[in-house]
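Summary of the model geometry
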Amino acid sequence: MPLLWNYCGQQVANVPIDAVYKEILQSSLFLVIGTVVTTLTNLPIDYYKHFVIEERFGFNKQTRMFYFKDLIKKFIVTQILMQPIIGILIWIIHWGGDYFFLYCWIFTVCIALFLATIYPEVIAPLFDKYTPLKEGKLREMIEELARKVSFPLTKIFVVDGSTRSTHSNAYLYGFCNNKRIVLFDTLLEDYQNEKAKKEEEEEKEKEKEKNKDENASSNQEGQEEPKKEEKEKKKEAKKGCTNDEVVSVLAHEIGHWRYSHTVKNLVISQAYIFVCYMLFAMLFKNREIYIAFGFTDNQPVFIGLLLIFSHILAPLSQIVSFFMQVMSRHFEYQADGYAVQQGYADLLASALVKLNSDNLGFPIYDTLYSSYHHSHPPLMQRLKAIKKKTD
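In this convention, every chain numbers its residues from 1, walking through the sequence in written order. For a predicted model such as this one, the threshold for reporting local features is a pLDDT of at least 70, and the threshold for listing and counting side-chain atom pairs is 80 or more; totals across whole chains, interfaces and linings nevertheless cover every residue. To obtain the side-chain values, all non-hydrogen atoms of the structure were included, while hydrogens and water were left out.

Right, let's talk about the pairing of strand 4 (residues 179-184) for a bit. A 1.4 Å probe rolled over the protein chains alone gives each residue an accessible area, and that area as a share of the maximum for its type sets the label: buried under 20%, exposed over 50%, partly exposed in between. For helices the rule is a DSSP run of H or I covering at least 4 residues; for strands it is a run of E covering at least 2, with both sets numbered from the N terminus onward. With five of its six residues buried, strand 4 lies for the most part within the structure. A pair of strands is treated as paired once DSSP finds two or more bridges between them. Judged from the six bridges that link them, strand 2 (residues 153-159) and strand 4 form a sheet pairing that is parallel. Across the sheet, V159 pairs through a bridge with F184, a residue of strand 4. In this structure, strand 3 (residues 170-173) lies alongside strand 4, joined through four bridges in antiparallel fashion. Within strand 4, the residue paired with A170 across the bridge is L183. Between the end of strand 3 and the start of strand 4, which pair antiparallel, lie five residues, with G174 showing a positive phi angle near 115°.

In structure tokens:
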């Protein structure tokens, strides 16, 4: 880290600007190079995860070209967002006086709200295709549920998650009376069936072309058995939820909205960030911290942010993360309970079983391990809680 920082300093040493702005420029170059190095060092593990492990179990659907395009887009978007944020934070810390931590926190809150607003409209469509849910029974059922619980629904989208993975999901977003629902196409059984039919038709056309070039009947007979096996596998691999089950999942998601879980998470996370900024203000001038990590000649603000937030405050972060997990699991039980109140107990239980099966989830975990690592309770615990609420 010190070597990279010194190298970046040498590159901007002759730029004729004020010392603070030169530090911002140096930090900007450090961020770019550091992100490239981190991306390259993490690439083998990430590549293995997607194209070996995920592909082995039938989850990965992205091509290598798609994967690397995605990687480049993520890098560009990250730099566009992070460069001005880091620059402004450094400027505030230099010029904010004794209460700079308060100004940094206010700025961070504004950025969080800004990103929450633009992400679904601007950033997410850069990576996935969002199309309005077509007219039909499912749309009518979702709109009926929204009217029933006074959910201010404005739009329903389907995202083509199947282009990268078979994992399924659904979520809500939007502020005030402008709520939208997003469904992954992998969640919808009807979409999966349509996709399977298209794939079968394409395969049949390819087979016809191949058969035209085949003269030996023995070769054709040898191919009949594999074709039957493929068809049987496709029948077995039927995934997704029925329309009723999809609505039950959305009743769960609307439960998060009804109990203001997103707002509560935002308030708690921002309170934690405020505490972190206060601790940073107390520690960032401590020379011993910088010396311990090899920075003997200077105490750059950006390096101070990295060291204190990612290393010095790591124990506090782990403690807060654990309590956030506990709270998240409590929220999941509450949202399940809300879906049960709306009359979706059996359908939600059925949907959870299907989703767990489709995602090859393990239904039982050690209690301590799960409580620390999982934001959602294990399947069996959720099913027991749903049954208890209906008794």
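Predicted coordinates in regions of low pLDDT should not be interpreted in detail. A score between 0 and 100, pLDDT records how confident the predictor is in each residue. On average, the protein scores 86 in pLDDT, and the residues at 70 or more come to 87%. Between two residues, a contact is recorded if the distance between any of their heavy atoms is within 4.5 Å. Below pLDDT 50 for its whole length, residues 220-236 participates in nine contacts with residues either more than four positions away or in separate chains.

Moving on: the packing of helix 9 (residues 261-283) against helix 11 (residues 301-312). Fitted lines through C-alpha atoms give the axes, limited to the stretch in contact for helices. The angle between two N-to-C directions lies from 0 to 180 degrees. Where helix 9 contacts helix 11, the axes come no closer than 10 Å and their chain directions differ by 120°. Classed by the angle they form, the pair helix 9 and helix 11 counts as oblique. For the pair helix 9 and helix 11, the sense of crossing is right-handed. Contacts from C276, Y277, F280 and L283 in helix 9 reach V301, G304, L305, I308, F309 and I312 in helix 11. Each residue belonging to the contact of helix 9 with helix 11 can be placed in one class, and the counts come to nine nonpolar, one polar and no charged. Note on terminology: angles under 35 degrees are roughly parallel, angles over 145 are roughly antiparallel, angles of 65 to 115 are roughly perpendicular, and the others are oblique. Left-handed describes a crossing whose near helix is turned anticlockwise from the far helix by less than a right angle; the clockwise case is right-handed. Following the grouping adopted for this structure description, the nonpolar residues are Ala, Val, Leu, Ile, Met, Phe, Trp, Tyr, Cys and Pro, the charged ones are Asp, Glu, Lys and Arg, and the polar ones are all others, Gly among them.

Attention now goes to the pattern of salt bridges. Pairing between side chains of opposite charge can happen when the charged atoms of each approach one another. Definition used for salt bridges: Asp or Glu carboxyl oxygen within 4 Å of a side-chain nitrogen of Lys or Arg. Following the criterion strictly, the structure yields nine salt bridges and no others. Here R164 makes a salt bridge to D70, at a shortest N to O gap of 2.5 Å. Note that R164 is positioned in the loop between strand 2 and strand 3 and D70 in helix 3 (residues 64-95), a separation of 94 residues in sequence. With relative accessibility at 4%, the residue D70 sits in the buried group. Across the salt bridge formed by R139 and E135, the nearest N and O atoms sit 3.6 Å from each other. Overall, R139 belongs to the buried group, its relative accessible area being 14%. Salt bridges sharing common partners tie together D70, D128 and R164.

Here we come to the layout of surface pockets. Where empty space is left can be seen by rolling a probe of water-molecule size over the atoms. A pocket here means an open set of points on a 1 Å grid, computed over the protein atoms alone, that has protein on both sides within 12 Å along at least five of seven lines. A cavity is instead a set of points where a 1.4 Å probe fits but cannot get out; residues with an atom within 4 Å of a point line either one. Grid points are joined across faces, edges and corners, and a volume is the space filled by probe spheres set on the points. Quantified by volume, the second largest pocket comes out at close to 1,200 Å³. Along its surface, the second largest pocket is lined by 49 residues, and K74, F75, T78, Y119 and F127 are the ones closest to its centre. Of all the elements in the fold, those that place two or more residues in the lining of the second largest pocket are helix 2 (19-56), helix 3, helix 4 (100-123) and helix 11. Looking at the lining of the second largest pocket element by element, the count peaks at 11 residues for helix 2. Its residues placed into classes, the lining of the second largest pocket shows 27 nonpolar, 15 polar and seven charged.

Next up on the list: the nonpolar core. Throughout, nonpolar core names a set of buried Ala, Val, Leu, Ile, Met, Phe, Trp, Tyr and Cys residues whose side chains join them through atoms within 4.5 Å. Residues L138, I142, L145, L183, V246 and L250 are the most contacted members of the largest nonpolar core, which totals 33 residues. The set of elements that each furnish at least two residues to this core consists of helix 5 (137-148), strand 2, strand 4, helix 8 (243-258), helix 12 (314-341), helix 13 (345-358) and helix 15 (379-390). Counting residues per element, this core draws most heavily on helix 8, which supplies six residues. Membership of the second largest hydrophobic core comes to 31 residues, among which are L31, F100, I111 and F295.

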